[in-house]
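Tertiary structure, described
Single-letter residue listing:
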Amino acid sequence: MLKERVMDLVTQTAILPLLFGCLGIFSLFRVLQRIRSRAHLRDTVVVVTGATSGLGRECARVFHAAGAKLVLCGRNVEALEALTSELAGSRTSQGQMYKPYTVTFDLTDPGAIAAAATKILQCFGYVDILINNAGVSYRGAISDTIVDVDRKVMEINYFGPVALTKALLPSMVKRKQGHIVAISSVQGKISIPFRSAYAASKHATQAFFDCLRAEMEQDGIKVTVISPGYIYTNLSVNAVTADGSRYGALDKNTARGRSPAEVAQDVLAAVGKKKKDVILTDLLPFLAIYLRTLAPGIFFRIMASRARKERKSKNS
Ligand SMILES: NC(=O)C1=CN([C@@H]2O[C@H](COP(=O)(O)OP(=O)(O)OC[C@H]3O[C@@H](n4cnc5c(N)ncnc54)[C@H](OP(=O)(O)O)[C@@H]3O)[C@@H](O)[C@H]2O)C=CC1
Ligand SMILES: CCCCCCCCCCCCCCCC(=O)OCC(=O)COP(=O)(O)O
């Protein structure tokens, strides 16, 4: 009876056309927004670290398609060359063909970072957008983990991006324009068991780049921190373990994660809109972030229970 009444209401009134109209306007609005943010990125000089795989490689592809001039960074020369050849042969959405530059360096080597910053600036003379994407994850119990592992993760995920940012910042300040992007993680907002070094490095990233945003506002420099949830990349495969060896396995959560191409589109949109802080994840991690602030006691209990369960399943 109620169902019939609702159906009558829907068919006899203007609800349906109104609904479709609203949906249409919303979709049109989204398309226009996407076009506007893409137009904003045309001819901008964009540096992407960790461009050899995963999210970094996809960011390179979407920013190239939007008409950006790229400087691609990583350690793996062959992977950088392969991506450069691919992009050099493909037109941007406006029909131009830009061949990206490549700069190879290791984020654990401070000397190499300083030299790389000089090379990066020589490519086009300036940098508009720096995307600090390169990173490594970790798996292990704190009690088993050698301190060298904590240091290594901090070097790659925190000190390296900080050093690169500081090296490129003066040229941005001189031009009174620039945009620094930090790819953090949901684990930059909440810590989960057996990820201590990774979560710590991402919390530090969040804190540093939040400070940078405030300090640089008067110089016209924008800062965006992006915190994704699981993405289907090689992050878990390349993760370091308690003794420093490679984890070498693709985790279930990672394999079920979002496609890096899709996440890269969200990164492009966030950068185009000059967003300050973006969380790209499903509902549960999103709620967990709020739970950590609003009811920390409950959050800590859930995490302790996760730790107990994980330890039990490892020992059985
Ligand atoms: N995958 C996921 O579930 C999530 C990932 N993220 C973040 O996204 C970012 C990209 O990771 P993702 O694409 O997933 O993982 P990948 O392992 O696929 O990519 C990591 C990139 O970082 C580079 N890199 C690693 N170590 C170094 C180093 N010492 N010096 C210079 N570059 C280095 C690698 O390049 P090379 O080997 O050539 O040096 C590679 O391009 C990371 O910051 C990660 O924390 C955030 C949330 C979720
Ligand atoms: C009001 C109800 C709230 C219910 C909260 C329940 C708590 C659920 C816990 C959820 C934890 C989510 C963790 C998400 C972690 C994540 O997405 O990390 C992204 C990464 O960086 C992945 O790196 P990794 O190396 O860990 O694969």
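Residues numbered from 1 in each chain as written. Chains lettered and ligands numbered in written order. Predicted model: local features only at pLDDT ≥ 70, side-chain atom pairs only at ≥ 80, totals over all residues. Heavy atoms only, no water.

Per the UniProt record, "transmembrane region" (unreviewed entry) is annotated on residues 12-32 and 283-304. Secondary structure across residues 283-304 comprises 95% helix and 0% strand; the distance between its end C-alpha atoms is 21 Å. (UniProt positions renumbered as here; feature names shortened; annotations may be inferred. Helix = DSSP H or I, 4+ residues; strand = E, 2+ residues; numbered from the N terminus.)

Here we come to the site of ligand 2. Surrounding ligand 2, one finds 16 residues, the nearest of these being Ser137, Arg139, Ser185, Arg195 and Tyr198. With respect to ligand 2, the side chain of Arg139 contributes an N or O atom lying 2.8 Å from an oxygen atom. In the environment of ligand 2, an oxygen atom lies 3.5 Å from a nitrogen or oxygen atom belonging to the backbone of Tyr230. Summarising the interface, the protein chains cover 83% of the accessible area of ligand 2, which totals 730 Å² for the free molecule. Listed by contribution, the elements that provide at least two residues to the shell around ligand 2 are helix H10 (283-294) and helix H11 (296-315). (Near = heavy atom within 4 Å. Polar contact = N/O pair within 3.5 Å; in protein donor to acceptor, adjacent residues only side chain to side chain. Areas by Shrake-Rupley, 256 points an atom, 1.4 Å probe, with all protein chains shown as cover.)

Turning our eyes to something else, we now look at the pattern of salt bridges. Side-chain pairs of opposite charge can arise where the charged atoms are in close proximity. Summed over the entire model, instances satisfying the criterion amount to ten salt bridges. One salt bridge connects Arg61 with Glu86, and the closest N-O pair in it is separated by 2.8 Å. Here the residue Arg61 occupies a position in helix H3 (residues 54-65), and Glu86 occupies one in helix H4 (residues 77-88), the gap between them amounting to 25 residues. For the salt bridge of Asp266 with Arg258, the shortest nitrogen-to-oxygen distance reads 2.7 Å. Note on Asp266: relative accessible area 24%, which makes it partly exposed. Residue Arg258 is classed as partly exposed on the basis of its relative accessible area, which comes to 25%. (Salt bridge = Lys/Arg side-chain N within 4 Å of Asp/Glu carboxyl O. Buried < 20%, exposed > 50% of the residue type's maximum accessible area, 1.4 Å probe, protein only.)

Another point: the packing of helix H6 (residues 147-175) against helix H7 (residues 196-216). Axis separation between H6 and H7 bottoms out at 8 Å; the angle between their running directions is 15°. On the basis of their axis angle, the class for H6 and H7 is roughly parallel. Read as a crossing pair, H6 and H7 show a hand that is right-handed. Every residue of H7 that contacts H6 at Asp150, Val153, Met154, Asn157, Tyr158, Pro161, Val162, Thr165, Lys166, Leu169 and Val173 is listed here: Ala197, Tyr198, Ala200, Ser201, Lys202, Ala204, Thr205, Phe208, Phe209, Leu212 and Met216. The residue makeup of the contact of H6 with H7, split by class, is 15 nonpolar, four polar and three charged. (Axes fitted to C-alpha atoms, helices over the stretch in contact; angles between N-to-C directions. Parallel < 35°, antiparallel > 145°, perpendicular 65-115°, else oblique. Left-handed = near helix turned anticlockwise from the far one by under 90°. Contact = heavy atoms within 4.5 Å. Nonpolar A, V, L, I, M, F, W, Y, C, P; charged D, E, K, R; others polar.)

Surrounding ligand 1, one finds 29 residues, the nearest of these being Thr52, Arg75, Asn133, Tyr198 and Thr233. Within the side chain of Thr52, one N or O atom sits 2.7 Å away from an oxygen atom of ligand 1. Contacts to ligand 1 include Leu107, whose backbone N or O atom sits 2.9 Å from a nitrogen atom. If you list the elements that add at least two residues to the shell around ligand 1, you get H3 and H7. When the residues that make up the shell around ligand 1 are grouped by side-chain class, the tally is twelve nonpolar, 14 polar and three charged.

Counting residues in each nonpolar core, the largest one holds 39 residues, and the members touching the most others are Val103, Phe105, Ile120, Leu164, Ile180 and Phe209. Counting only elements with at least two residues in this core, the list comes to strand E2 (69-74), helix H5 (110-124), H6, strand E6 (178-183), H7 and strand E7 (221-228). By residue number, the principal contributor to this core is H6, which donates ten residues. Leave out the neighbours within four places in its chain, and Val103 touches Val71, Leu72, Cys73, Gly74, Leu80, Ala116, Lys119, Ile120 and Cys123. In this structure, Leu70, Ile231, Val271 and Val278 belong to the second largest nonpolar core, which totals 30 residues. (Core = buried A, V, L, I, M, F, W, Y, C linked by side-chain atoms within 4.5 Å.)

Below, the discussion takes up a nonpolar patch on the surface. Together, Leu283, Leu284 and Leu287 line one region of the surface with nonpolar side chains, adding up to about 350 Å² of accessible area. With relative accessibility at 67%, the residue Leu284 sits in the exposed group. (Patch = residues over 30% accessible without salt bridge, like charges linked within 9 Å, V, L, I, M, F, W, Y side chains within 5 Å.)

With that settled, consider the sheet that holds E6. Taken in spatial order, the seven strands of this open sheet run E3-E2-E1-E4-E6-E7-E9, and their pairing is parallel. Strands with a single pairing partner mark the edges of an open sheet, and in this sheet they are strand E3 (101-104) and strand E9 (277-280). Averaged over all pairs of adjacent strands, the angle between strand axes in this sheet comes to 15°, irrespective of strand direction. Both E6 and E7 contribute to a ladder of six bridges, which runs parallel. Each bridged residue has a counterpart across the sheet, and for Gly178 the counterpart in E7 is Ile221. Contacting strand E4 (129-132), E6 and E7, H6 crosses the sheet at an angle of about 175° to E4. (Pairing = 2+ DSSP bridges.)

The next thing to look at is H11. For H11, spanning 20 residues, the distance from its first C-alpha to its last is 29 Å, which sits close to the expected 28 Å at 1.5 Å a residue. Along H11, the residues classified as buried are Phe299, Met303 and Ala307. One side of H11 carries all its buried residues, which in axial view fall inside an arc of 80°. Structural note: H11 exposes Arg301, Arg308, Lys309, Lys312, Ser313 and Asn315 on the side pointing more than 90 degrees away from its buried face. Tucked into the core, H11 has its buried residues touching H10. (Expected span 1.5 Å × (residues − 1). Arc of directions from axis to C-beta.)

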